Amino acid sequence: MSASELRLVLTVEDVDGALALFREALGLPEVEAWESQGGRIAILGAGRATLELVDEAQAAAIDEIEVGRRVAGPVRVAFEVENSGEAAERLVAAGAELVAGPVETPWQDLNVRLSVPGGI
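Here's what I pulled together on the structure shown here.

Analysis parameters
Residues numbered from 1 in each chain as written. Predicted model: local features only at pLDDT ≥ 70, side-chain atom pairs only at ≥ 80, totals over all residues. Heavy atoms only, no water. Phe/Tyr/Trp six-rings, centres within 6.5 Å; stacked < 30°, edge-to-face > 60°. Helix = DSSP H or I, 4+ residues; strand = E, 2+ residues; numbered from the N terminus. Polar contact = N/O pair within 3.5 Å; in protein donor to acceptor, adjacent residues only side chain to side chain. Contact = heavy atoms within 4.5 Å. Buried < 20%, exposed > 50% of the residue type's maximum accessible area, 1.4 Å probe, protein only. Salt bridge = Lys/Arg side-chain N within 4 Å of Asp/Glu carboxyl O.

Okay, the packing of aromatic side chains next. The tally for this structure, following the rule as stated, stands at 1 aromatic pair. For the ring pair F22 and F79, a centre distance of 5.9 Å and an interplane angle of 50 degrees mean the geometry is tilted. Remark: F79 occurs in the loop between α2 (56-66) and α3 (84-93) and F22 occurs in helix α1 (residues 15-25); sequence separation between them is 57 residues.

Put into structure tokens, the structure is as follows:
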């Protein structure tokens, strides 16, 4: 048996703000959405998913390369986009905070680190 989909579920205080950031600014399409019992959910498509498992030493090394210091917690959400600089500008305009970058990594990616509202 193998999994056919990876879902990352984020509990957020401000669904509208999260939608403005991820759906509107990042361009993730809304796959499903509904409300029930006073609660609300929106499922956004994000293309292919991977699960990266890193130890503390590697997480610290990645943070050092991309930010210059240890900043990430135990969960880091990453999106591959066509132009990380432009995407970061749209996300900052939608409420994200620029942490660092763009930085060219040793693995030839151009990475930008953001912090988004709601502690994500």
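For residues besides glycine, phi is generally negative; the peptide bonds are generally trans as well. Note the cis peptide between G101 and P102, where omega equals 0 degrees. By the element assignment, P102 lies in strand β3 (residues 97-104). Even without glycine at this site, Q37 takes up a positive phi of about 50 degrees. Examined against the element boundaries, Q37 turns out to sit in the loop between β1 (30-36) and β2 (39-44). Here Q108, not a glycine, exhibits a phi torsion of approximately 65 degrees, which is positive.

Before going further, it helps to examine the side chain of N111. Summarising the element assignment, N111 is placed in strand β4 (residues 110-115). A distance of 2.5 Å separates the side chain of N111 from the side chain of E66, its partner in a polar contact. Residues in contact with N111, not counting those within four places in the same chain, are E66, S84, G101, P102, V103 and T105.

Here we take up the side chain of E66. Here E66 shows up in helix α2. For E66, a relative accessible area of 5% gives the class buried. Of note is the side chain of E66, whose polar atom sits 2.7 Å from the side chain of R113. Not counting the four nearest positions on each side in its chain, E66 is found in contact with R76, A100, V103, T105, W107, N111 and R113.

Turning to the pattern of salt bridges, a few remarks are in order. Evaluation of the coordinates by the stated rule reveals 8 salt bridges. A salt bridge links E24 to R23, with the nearest nitrogen and oxygen atoms 2.4 Å apart. Classification of E24 by relative accessible area gives exposed; the value is 52%. Taking relative accessible area as the criterion, R23 reaches 28% and is therefore assigned partly exposed. A salt bridge links E66 to R113; the nearest nitrogen and oxygen atoms lie 2.7 Å apart. Of this pair, E66 sits in helix α2 while R113 is found in strand β4, placing the two residues 47 residues apart along the sequence. Via salt bridges that share partners, E56, D63, E66, R70 and R113 belong to a single interconnected network.

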